[in-house]
Amino acid sequence: MKVALIHYWLVGMRGGEKVLEELCKLYPDADIFTHVAVPEKLSDTILDHQIYETFISKLPGARKHYQKYLPLMPLALESLDLTSYDLVISSESGPAKGVITRPDALHVCYVHSPMRYIWDQYHVYRESSGIVTRILMPIISQKMRVWDAASSARVDKYISNSKFVAQRVEKAWRRASEVIYPPVDVSAFKPEEGIEPEEFYLYAGELASYKRADIAVQAFRKTGRKLVVVGTGAEREKLMKSAGKNIEFVGRVSFAELKSYYARCKALVFPGIEDFGIIPLEVMASGRPVVAYNAGGAKETVIDGKTGVLFGDPSSDSLNEAIDRLENIYPSLRMHEIVEHAKGFSPEIFSRRISNFIESELAERQAVAQ
């Protein structure tokens, strides 16, 4: 069986690329197709595979400004000749699923998210763009939505990375999907034995408006509790100006430092809406609870009252109420239960589930063919 893996772009090792990495391990002889690849930013596991780029990679400045060529990506995908492949697995966040496959080939799409910039986050992206992009976006996005919806029919089976994303797949493409949570390298994190949590809460992640770090800053400014903010982004300067002395911005840190913050914090504060959210599970694998907004992927990974606390309103007051509740139940939380819960999202479980799903689909097709 010849296998093709389609990934939107390969310019770093984030959550989507971690999924691709596990698919590479499952199918060691698979070929990878992508719009743009930057080899020095990729893992050895991915680089062990033959990587083919679309014509997007040959356009001026594509290595850095690949997203500006979004209107050309449908044509680039449809130009790929995949007629020799029996199994095609596309990894969708940017355009990837719109390839054309053989009628008898199985095309499975793993969805990290329908394209945010043309669907649910369209107005957020447009508002934060320059004047030229703001003018062009309504025209380009309308055409992209038509193609995106039409090309969704080319996929045989969908897998979503959370129930939250499955709802968005249903909304955008009117297609049902299996939910298989993405792999989290929980084995890379562990509690620091014998060390009690320190008296600080942690925010970790990009400082972008949709991550809602502003809610955390407002909440901790009101109470005077200590908050350590790990990460950088467009909102950093504005957040620092509004923060009190009890809020420390440490910027980007090494992996070793990040693990130490995870293991020493009293809890992670997670106020944004994420499609899935890997950081909360990394913190739980470190033995610490999470205070998260009850929406998006977090409501599927944080067990209220056992591995953390959920709050229902995206406001600083609601967050502070949740922290007060966490403080009250903290003595009853069990570190080993938090860690065991995180282990349920390991790469091994992801690989087993996705392998079983695909093998089942292939077997069903074979039975029908006979």
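For the structure itself, consult the block above.
In what follows, the accompanying structure is described. (Residues numbered from 1 in each chain as written. Predicted model: local features only at pLDDT ≥ 70, side-chain atom pairs only at ≥ 80, totals over all residues. Heavy atoms only, no water.)

### Observations regarding the overall build of the protein chain
- In terms of regular secondary structure, the protein chain is built from 15 helices and 13 strands.
- Over its C-alpha trace the protein chain gives a radius of gyration of 21 Å, about what one expects of a compact globule, namely 21 Å for 370 residues.
- Its C-alpha atoms give the protein chain principal-axis dimensions of about 60 × 50 × 40 Å.
- Contacts in the protein chain between residues at least 24 apart in sequence constitute 61% of all its contacts with a sequence separation of at least 6.
- When the accessible surface of the protein chain is totalled, it reaches about 17,200 Å², and 51% of it is carbon and sulfur.
- Measuring between centres, the 47 positive side-chain charges of the protein chain sit 5 Å from its 48 negative side-chain charges. (Helix = DSSP H or I, 4+ residues; strand = E, 2+ residues; numbered from the N terminus. Rg over C-alpha atoms; globule rule 2.2 N^0.38 Å. Contact = heavy atoms within 4.5 Å. Areas by Shrake-Rupley, 256 points an atom, 1.4 Å probe, with all protein chains shown as cover. Lys, Arg positive; Asp, Glu negative; His and termini not counted. Charge placed at Lys NZ, Arg CZ, Asp CG, Glu CD.)

### Comments concerning the side chain of Ser316
- Structurally, Ser316 is set in helix α13 (residues 316–329).
- The class of Ser316 is buried, set by a relative accessible area of 6%. (Buried < 20%, exposed > 50% of the residue type's maximum accessible area, 1.4 Å probe, protein only.)

### Some remarks on the packing of aromatic side chains
- Inspection of every chain in the model, using the stated rule, returns 14 aromatic pairs.
- Ring geometry for Tyr110 versus Phe350: centroids 5.8 Å apart, planes at 85°, classification edge-to-face. Highlighted residues: Tyr110 in strand β5 (residues 106–111) and Phe350 in helix α15 (residues 347–369), separated in sequence by 240 residues. Comparing Tyr110 with Phe350 shows no difference in burial state: the two are buried.
- Put simply, the rings of Tyr8, Trp9 and Tyr66 touch in pairs and so form one group of aromatic residues.
- Above the ring of Tyr85, the side-chain terminus of Lys2 is found at 4.8 Å from the ring centroid.
- The ring of Tyr330 has Lys266 lying over it, and the distance from NZ or CZ to the ring centre is 5.4 Å. (Phe/Tyr/Trp six-rings, centres within 6.5 Å; stacked < 30°, edge-to-face > 60°. Lys NZ or Arg CZ within 6 Å of the ring centre and 35° of its normal.)

### A short note on the sheet that holds strand β8 (residues 201–204)
- Strand order in the open sheet formed by 6 strands is β10-β9-β8-β11-β12-β13, and the pairing between neighbours is parallel. The open sheet has two edge strands, β10 (247–251) and β13 (308–311), and neither has a second partner. If you compare each strand with its neighbour and ignore which way they point, the axes differ by 25° on average.
- Note: β8 against strand β11 (residues 267–270), 2 bridges, orientation parallel. Bridge assignment links Tyr201 to a residue of β11, and that residue is Ala267.
- Those strands touched by helix α8 (residues 213–223) are β8, β9 (227–230), β10 and β11, and its axis lies near 145° from that of β10. (Pairing = 2+ DSSP bridges. Axes fitted to C-alpha atoms, helices over the stretch in contact; angles between N-to-C directions.)

### Regarding the sheet that holds strand β6 (residues 157–160)
- Strand order in this open sheet of 7 strands is β3-β2-β1-β4-β5-β6-β7, and the pairing throughout is parallel. Each edge of the sheet is formed by a strand with only one pairing partner; in this case those strands are β3 (51–53) and β7 (178–179).
- The sheet strands contacting helix α7 (residues 163–173) are β4 (87–92), β5, β6 and β7, and the helix crosses β6 at an angle near 140°.

### What about the side chain of Glu300?
- Looking at the secondary structure, you find Glu300 in helix α12 (residues 298–301).
- Although Glu300 is buried, it forms no salt bridge, and the closest oppositely charged side chain is Lys163 at an N-O distance of 5.4 Å.
- Once you skip the residues sitting within four places of it in the chain, Glu300 turns out to touch Ser162, Lys163, Phe164, Tyr181 and Phe345. (Salt bridge = Lys/Arg side-chain N within 4 Å of Asp/Glu carboxyl O.)

### What about the environment of Val229?
- Within the element layout of this structure, Val229 appears in strand β9.
- Given the relative accessible area of 2%, Val229 is considered buried.
- A C-alpha to C-alpha distance of 42 Å links Val229 and Leu75, two positions 154 residues apart in sequence.

### Here's the deal with the environment of Leu136
- Residue position: Leu136 is located in helix α6 (residues 131–151).
- Accessibility expressed as a relative area gives 40% for Leu136, which makes it partly exposed.
- Each C-alpha atom of the pair Leu136 and Tyr117 lies 13 Å from the other, and the pair is 19 residues apart in sequence.

### Description of a nonpolar patch on the surface
- On the surface, Ile131, Val132, Ile135, Leu136 and Ile139 cluster together into a nonpolar patch covering about 500 Å² of accessible area.
- Topologically, Ile131 is positioned in helix α6.
- Residue class for Ile131 comes out exposed when judged on its relative accessible area of 56%. (Patch = residues over 30% accessible without salt bridge, like charges linked within 9 Å, V, L, I, M, F, W, Y side chains within 5 Å.)

### Structural notes on α8
- Listing the buried residues of α8 in full gives Ala213, Ile215, Ala216, Val217, Ala219 and Phe220.
- Of the surrounding secondary structure, the elements contacted by the buried residues of α8 are β8, β9, α9 (236–242), β10, β11 and α13.
- Taken from the residues just after α8, Gly224 is the one with a positive phi, measuring 80°.

### Topic: the pattern of salt bridges
- Per the stated rule, a full pass over the model turns up 23 salt bridges.
- A salt bridge links Arg154 to Glu78, with the shortest nitrogen-to-oxygen separation between them at 2.8 Å. In this pair, Arg154 is assigned in the loop between α6 and β6 and Glu78 in helix α4 (residues 73–78), connecting sequence segments 76 residues apart.
- When its relative accessible area of 29% is taken as the criterion, Arg154 is described as partly exposed.

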